[in-house]
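# A structural walkthrough
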Amino acid sequence: QVQFVESGGGSVQPGGSLRLSCTATGSIFSIYMGWYRQAPGKQRELVARITSNLLTRYADSVKGRFTISRDNAKNMVYLQMNSLKPEDKAVYYCNKIGLIGSWGQGTQVTVSS
């Protein structure tokens, strides 16, 4: 089973930027990938997805601010997060779309003044 390791989180002020990275233990070729997040007291939600042919889709809450990308040769997925808002605070996870595999440890993103 493919596993995922997230990194790149941290603490920033509103308006700041972070770049999250996700490394898969196996090939992600032909796999639709996504970034999910879970804020305290809330359900995990899908915020961005990217297909095998590089089509992307974003949750309304992050549209225009986040950009998902992938490098299949490196088995990696990225999430560029710009113009961060306090409501973006959450633990961010990467995983497959649809047939979800095991969850990694996630990476914490904190946005506060």
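Structural notes, computed from the coordinates.

What counts and how
Residues numbered from 1 in each chain as written. Predicted model: local features only at pLDDT ≥ 70, side-chain atom pairs only at ≥ 80, totals over all residues. Heavy atoms only, no water. Helix = DSSP H or I, 4+ residues; strand = E, 2+ residues; numbered from the N terminus. Contact = heavy atoms within 4.5 Å. Pairing = 2+ DSSP bridges. Salt bridge = Lys/Arg side-chain N within 4 Å of Asp/Glu carboxyl O. Buried < 20%, exposed > 50% of the residue type's maximum accessible area, 1.4 Å probe, protein only. Axes fitted to C-alpha atoms, helices over the stretch in contact; angles between N-to-C directions.

## A word on the environment of Gly16
One can find Gly16 in the loop between strand 2 (10-12) and strand 3 (18-24). Through-space distance from the C-alpha of Gly16 to that of Ser83 is 5.5 Å; in sequence the pair is 67 residues apart. In contact with Gly16, other than residues within four places in its own chain, are Met81, Asn82, Ser83 and Leu84.

## A closer look at the pairing of strand 5 (residues 45-50)
Strand direction decides the pairing type here: strand 4 (residues 33-38) and strand 5, joined by 5 bridges, are antiparallel. The residue bridging Arg37 from the neighbouring strand is Glu45, located in strand 5. Hairpin connection from strand 4 to strand 5: 6 residues lie between these consecutive antiparallel strands, with Gly41 at a positive phi of about 75 degrees. The pairing of strand 5 with strand 6 (residues 56-58) spans 3 bridges and is antiparallel. The partner of Ala48 across the bridge, within strand 6, is Tyr58. Hairpin geometry of strand 5 and strand 6 is characterised by an intervening segment of 5 residues between the two adjacent antiparallel strands and by a positive phi of about 75 degrees at Leu54.

## Considerations on the pattern of salt bridges
Throughout the structure, instances matching the rule amount to 4 salt bridges. For the salt bridge of Asp60 with Lys63, the shortest nitrogen-to-oxygen distance reads 2.9 Å. According to the relative accessible area criterion, Asp60 is exposed, its value standing at 66%. Residues joined by salt bridges that share partners form a network here, namely Arg37, Glu45, Arg65 and Asp88.

## A few points about the sheet that holds strand 5
Hydrogen bonding along the main chain pairs the strands of a sheet, whether they run parallel or antiparallel. Reading across from one edge, 2-10-9-4-5-6 is the order of the 6 strands in this open sheet, with mixed pairing throughout. Here the strands that pair on one side only, and so sit at the sheet edges, are strand 2 and strand 6. Strand-to-strand, the axes of this sheet are offset by a mean angle of 25 degrees, without reference to chain direction. Pairing of strand 4 with strand 9 (residues 90-96) involves 6 bridges; the strand directions are antiparallel. For Trp35, the partnering residue across the bridge sits in strand 9 and is Cys94.

## A short note on the environment of Val91
Along the chain, the position of Val91 falls in strand 9. Spatially, the C-alpha atom of Val91 lies 12 Å from that of Trp103, the residues being 12 residues apart in sequence. Discounting chain neighbours no more than four positions away, the residues touching Val91 are Tyr36, Arg37, Gln38, Gln105, Gly106, Thr107 and Gln108.

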